[in-house]
Amino acid sequence: MTPVLLMNTHARVYRKPSNVDRAKEEIICPMCISVFDTPLSLNCLHSYCEKCIKSLLRSSPNKTSIVCPECRAATLIPEDGVAGKLLL
Ligand SMILES: [Zn+2]
Ligand SMILES: [Zn+2]
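Reading the values: the criteria
Note that residues are indexed from 1 along each chain, following the sequence as it is written. Ligands are numbered from 1 and chains lettered from A, in the order in which they are written. Under the rules for a predicted model, residues below a pLDDT of 70 receive no local features and side-chain atom pairs below 80 are neither given nor counted, while totals for whole chains, interfaces and linings still include all residues. Where helices and strands are cited, they refer to DSSP runs of H or I of at least four residues and of E of at least two residues respectively, numbered from the N terminus. Buried residues are those with 20 or more other C-beta atoms within 10 Å of their own C-beta, exposed residues have 12 or fewer, and partly exposed residues lie in between; C-beta atoms are placed from the backbone. In predicted models, pLDDT denotes the confidence assigned by the predictor to each residue on a 0 to 100 scale. Once C-beta atoms have been placed from the backbone, residue pairs whose C-beta atoms lie within 7 Å are recorded as contacts.

**Student:** Where do I start with the environment of C68 in this structure?
**Tutor:** Structurally, C68 is set in the loop between β5 (65-67) and β6 (74-76). Each C-alpha atom, one on C68 and one on H46, is 7.6 Å from the other, the two residues being 22 residues apart in sequence.

**Student:** Would you mind going over unusual backbone geometry with me for this structure?
**Tutor:** Across the chain, the bulk of peptide bonds are trans and the bulk of non-glycine residues have phi less than zero. Despite not being glycine, I33 shows a phi value in the positive range, around 50°. Mapped onto the secondary structure, I33 falls in the loop between β1 (27-29) and β2 (34-36). Phi at K63 is positive, roughly 60°, even though this residue is not glycine. With respect to the helices and strands, K63 occurs in the loop between α2 (50-59) and β5. The exposure class of K63 is exposed, given the 10 C-beta atoms found within 10 Å.

**Student:** Looking at this model, I keep getting lost on the confidence of the model for the chain. Mind explaining?
**Tutor:** Per-chain confidence: the chain averages 74 in pLDDT, with 61% of residues scoring 70 or above. Confidence scores differ between elements of the chain, with helix α1 (residues 2-22) showing the lowest mean pLDDT of 49 and β6 the highest of 92. Every residue in residues 8-23 is under pLDDT 50, and counting partners more than four places away or in other chains gives 0 contacts.

As structure tokens, then:
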């Protein structure tokens, strides 16, 4: 009984790293250089984290569009906000 239990436990522990490896398509935000789990994509298909998008929007003069820091393309932000609309 006991060895079987140990083997099951070991199999579970062993599985975790391989699952993490498979899901390791981490995207790094080029603005804050950190991994983000909610990438927001602009019209130019560059992606930034929500925090950076919001700070771009805050520093934008008209609050309705942001300029991509990488390619300078403008993306219009919908009136009801960033969340959801630009989600990949
Ligand atoms: Zn960021
Ligand atoms: Zn861009």
